[in-house]
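Summary of structural features
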Amino acid sequence: MSSTTLTVEINQPSTTSAWAGGKEPMNASYGKLMMWFFLLSDAFTFSALLITYGFIRYSHDAYEGAVSAFQFSQMHWPIPEKVFASLPLLHGVNAPLIFVGIMTFVLIMSSVTMVLAVEAGHRKDREAVEKWMLWTLLGGATFLGCQAWEWTHFITGSDEGVMMDSWKYIAETKQYGWVKEVYKGASLVQNEYGPRAFADLFFFITGFHGFHVFSGVLLNALIFFNTAFGVYDKRGSYEMVEKVGLYWHFVDLVWVFVFTFFYLI
Amino acid sequence: MGDMSMADGGAAARKQIWKVFFILLAITAVEFAFAFLLEKSFLRTSIFLVLTIVKAFYIVAEFMHLKHEVKSLIWSIIVPLAFITWFIGAMIYEGGSVLDKHPTTPTITNSK
């Protein structure tokens, strides 16, 4: 048997199994599959954060009284609608969860414009892809701006603050110690809203999600410029829009969970 | 979208996208209504979790197009996610019991 015959046999496409090579068994390109599996691993990371949130939250006492009589205290976990009840430019107006509702709407909306960009990509309609990518970019940037406001407000705190024990440097004794004082807002060390871990988890979970949004905006910008410069027309395929679209939808998906766990429950 | 969208210049696909958008919007509105109409309870929390999973389904199935992929890809994503969902539930349930044993809420009265 000559070696030529052997080579021919190896290169013969298999008719028996989709997994024997030469085909895409999952009917998706390598890049798209890898994006899916990356997102799966990212979902594990966010799940770990949510599990941490559940563990820590249920290890603190819940507030038992009437919602109207609720007051911030280190002794119980705060009710989210009492913490997040402000709107920009409307100081002192009680608007529970309205701002975070707007943020949710903005992100879902930008997910819609993204999927419209992907659809336009299927038709190789360059102008439509550009248009919808710009809307998606606008949505992402708006969300980030809202989050910056939300964080600033959370860190700055209420007008009155809460009388509480602060762990700080005392000049007279030249030592750190507990001092009773009015504390406003939040840091990683303490916050006026509730137990220390509440603010820590807020910063970490919304921060980690916000970082994902930020990366998504950068990727979307890249896609927009590549589209505008005709990269995908030259390549003959708009699949990159689809791959980055998957990432962007995932960011929206995570927000749906963060919204439920952090703001609703 | 593939074949379906090509036939009519994508009109059917776009219609579907907007339909999903209005479903997501409606669910979010319902969640808001429940947040203010219902008192905090096991029922309310369950409603929120179910609605969240419904929203997640529409985003993953339609926006991320997973519903229209081949079966092996669908299962490759769904099976690990099903396990992790179970894991979240189990950890929160068991976590509550484990931490019940410890008086973890600090009594902050140590100002001398």
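Please refer to the structure placed before this passage.
Presented here is a report on the structure given in the accompanying data block. (Residues numbered from 1 in each chain as written. Chains lettered and ligands numbered in written order. Predicted model: local features only at pLDDT ≥ 70, side-chain atom pairs only at ≥ 80, totals over all residues. Heavy atoms only, no water.)

1. Side note on the overall build of chain A
For clarity, the cut-off: The numbering of helices and of strands both runs from the N terminus, where a helix is a DSSP run of H or I of at least 4 residues and a strand a run of E of at least 2. Burial here depends on accessible area, computed with a 1.4 Å probe over protein chains only, as a share of the maximum for the residue type. Under 20% is buried, over 50% is exposed, and the range in between is partly exposed. In this analysis, two residues are considered to be in contact whenever any of their non-hydrogen atoms come within 4.5 Å of each other. Only the protein chains shown count as cover for residues, and all accessible areas are computed by the Shrake-Rupley method using a 1.4 Å probe.
Along the backbone of chain A there are eight helices and two strands. Mapped in sequence order, the helices and strands of chain A form the string α-α-α-α-α-β-β-α-α-α. Residues classed as buried in chain A amount to 52% of the 265 residues present. The long-range fraction of contacts in chain A, counting pairs at least 24 apart against all pairs at least 6 apart in sequence, stands at 64%. A total accessible area of about 12800 Å² is found for chain A, and carbon and sulfur atoms account for 64% of it.

2. Some remarks on the side chain of His249(A)
Our working rule: As used in this structure description, the phrase polar contact means that two N or O atoms lie within 3.5 Å; if the pair is within protein, one of them must be able to donate a hydrogen and the other to accept it, and residues adjacent in sequence are counted only when both atoms belong to side chains.
Here His249(A) is to be found in helix 8 (residues 239-264). For His249(A), a relative accessible area of 1% translates into the label buried. Looking at His249(A), its side chain comes within polar contact range of the side chain of Ser111(A), at 2.7 Å. Every residue in contact with His249(A), bar those within four places of it in the chain, is listed here: Ser111(A), Met114(A), Val115(A), Ile59(B), Phe63(B) and Met64(B).

3. A look at the pairing of strand 2 (residues 175-183) of chain A
Residue and element names in this part refer to chain A. Just so we agree on the cut-off: Two strands are said to pair when DSSP picks up at least two bridges between them.
As paired strands, strand 1 (residues 162-170) and strand 2 are joined by nine bridges and run antiparallel to one another. Across the sheet, residue Lys168 finds its bridge partner in strand 2, namely Gly177. Hairpin connection from strand 1 to strand 2: four residues lie between these consecutive antiparallel strands, with Lys174 at a positive phi of about 55°.

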